[in-house]
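One-letter residues, chain by chain:
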Amino acid sequence: MAHMGDLQSVAGHSTQLGVLEEDEVLFVERLTAPGSVVNITKIAGRLPLHASSAGPVLLAHAPSGPRERVLQGPFASYTEHTISDERALRAELAEVRQRGFAFCRGHIHPDAAGVAVPVRKDRRVVAAMGLVVPNDDGAWSFARPLMLAGLSLSRALSGTAESTTEEAPRSGTGE
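Residues numbered from 1 in each chain as written. Predicted model: local features only at pLDDT ≥ 70, side-chain atom pairs only at ≥ 80, totals over all residues. Heavy atoms only, no water.

A. Here's a closer look at the side chain of His13. Summarising the element assignment, His13 is placed in the loop between helix H1 (2–11) and strand E1 (14–21). Apart from residues lying up to four places away in sequence, His13 is in contact with Gln8, Ala33, Ser36, Leu131, Val132, Val133, Pro134 and Phe142. (Helix = DSSP H or I, 4+ residues; strand = E, 2+ residues; numbered from the N terminus. Contact = heavy atoms within 4.5 Å.)

B. Focus on the pairing of strand E2 (residues 24–31). Bridge count between E1 and E2: 7 bridges; the pairing is antiparallel. Across the sheet, Glu21 pairs through a bridge with Glu24, a residue of E2. Count of turn residues in the E1/E2 antiparallel hairpin: 2 residues, of which Glu22 carries a positive phi of about 60 degrees. Examined bridge by bridge, E2 and strand E3 (residues 46–48) share 3 bridges and lie antiparallel to one another. The residue bridging Val25 from the neighbouring strand is Leu47, located in E3. (Pairing = 2+ DSSP bridges.)

C. Representation of the packing of H1 against helix H5 (residues 143–158) in the model. Interhelical geometry of H1 versus H5 gives an angle of 165 degrees and a closest axis separation of 10 Å. Viewed along their axes, H1 and H5 adopt a mutual orientation that is roughly antiparallel. Here the hand of the crossing between H1 and H5 comes out right-handed. Note on element contacts: H5 touches H1 through Pro145, Leu146, Ala149, Ser152, Leu153 and Ala156, opposite His3, Leu7 and Val10. Considered class by class, the residues forming the contact of H1 with H5 number 7 nonpolar, 2 polar and no charged. (Axes fitted to C-alpha atoms, helices over the stretch in contact; angles between N-to-C directions. Parallel < 35°, antiparallel > 145°, perpendicular 65-115°, else oblique. Left-handed = near helix turned anticlockwise from the far one by under 90°. Nonpolar A, V, L, I, M, F, W, Y, C, P; charged D, E, K, R; others polar.)

D. Summary view of the pairing of strand E6 (residues 124–134). Within E6, 8 of the 11 residues are buried, leaving the element largely enclosed by the surrounding structure. Of the pairings in the sheet, the one linking E1 to E6 comprises 5 bridges and is antiparallel in character. Paired with Leu17 across the bridge in E6 is Met129. One ladder, built from 10 bridges, connects strand E5 (residues 112–121) with E6; its direction is antiparallel. Paired with Val119 across the two strands is Ala127, which belongs to E6. In this structure, the hairpin formed by E5 and E6 is closed by a connection of 2 residues, where Asp122 is found at a positive phi of approximately 50 degrees. (Buried < 20%, exposed > 50% of the residue type's maximum accessible area, 1.4 Å probe, protein only.)

E. Structural view of the pattern of salt bridges. Counted under the stated rule, the structure contains 6 salt bridges. The closest approach of N and O atoms between Glu86 and Arg90, which form a salt bridge, is 2.9 Å. Taken as a pair, Glu86 and Arg90 lie in helix H4 (residues 86–99) at a separation of 4 residues, close to a single helical turn. For Glu86, a relative accessible area of 29% translates into the label partly exposed. For the salt bridge of Glu95 with Arg99, the shortest nitrogen-to-oxygen distance reads 3.1 Å. A residue pair is termed a helical-turn pair when its members lie 3 or 4 positions apart in one helix, as Glu95 and Arg99 do in helix H4 at 4 residues. Overall, the relative accessible area of 37% leaves Glu95 in the partly exposed class. A residue is classified by how much of its surface remains accessible, and Arg99, at 10% relative accessible area, is buried. Salt bridges sharing partners connect three or more residues here, namely Glu68, Glu86 and Arg90. (Salt bridge = Lys/Arg side-chain N within 4 Å of Asp/Glu carboxyl O.)

F. Structural view of the confidence of the model for the chain. Summary statistics for the chain give a mean pLDDT of 90 and a share of 91% for residues scoring 70 or more. For residues 163–175, every residue scores under 50 in pLDDT, and the model assigns this stretch 28 contacts once sequence neighbours within four places are set aside. (pLDDT = per-residue confidence, 0-100.)

G. A nonpolar patch on the surface, seen in detail. On the surface, a cluster of nonpolar side chains totalling about 250 Å² of accessible area is made up of Val38, Ile40 and Tyr78. A residue is classified by how much of its surface remains accessible, and Tyr78, at 37% relative accessible area, is partly exposed. (Patch = residues over 30% accessible without salt bridge, like charges linked within 9 Å, V, L, I, M, F, W, Y side chains within 5 Å. Areas by Shrake-Rupley, 256 points an atom, 1.4 Å probe, with all protein chains shown as cover.)

Below you can see the structure in the form of structure tokens.
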């Protein structure tokens, strides 16, 4: 909670923590910021892995069996920007692994963008921490503080003070 609270105080937007539960993201914690953009997640609520920003993070690091099962669909659509097919989801998972975070503009609601990073315990992804921010030109700027918060939480869970190459934040580029 302290890591999420620190992130929320810096970002000024809702933060959430999700875990892989069968073929969905189960949100185990959420902090809502006053006046923040629409966020439909609820504590103990679930969303499909292809739709929320936590989903691609968890799926990108999931064992191949569950990942392949989800990749077969179906893909519920929330907006015209929701990932809606296997090819697009495979591309998103590759992007998540390459850049170190998920960035989902308007996948659940047109006014919201989701940004999520992996949370590791002993190098294994055990959760995804995310922010729900306004879907505007400033949305990318939240990736760096979120990556640092994810790294900090990962270190705390693993009981280490040192960063490893796998845990080190990668710079986000492009729009």
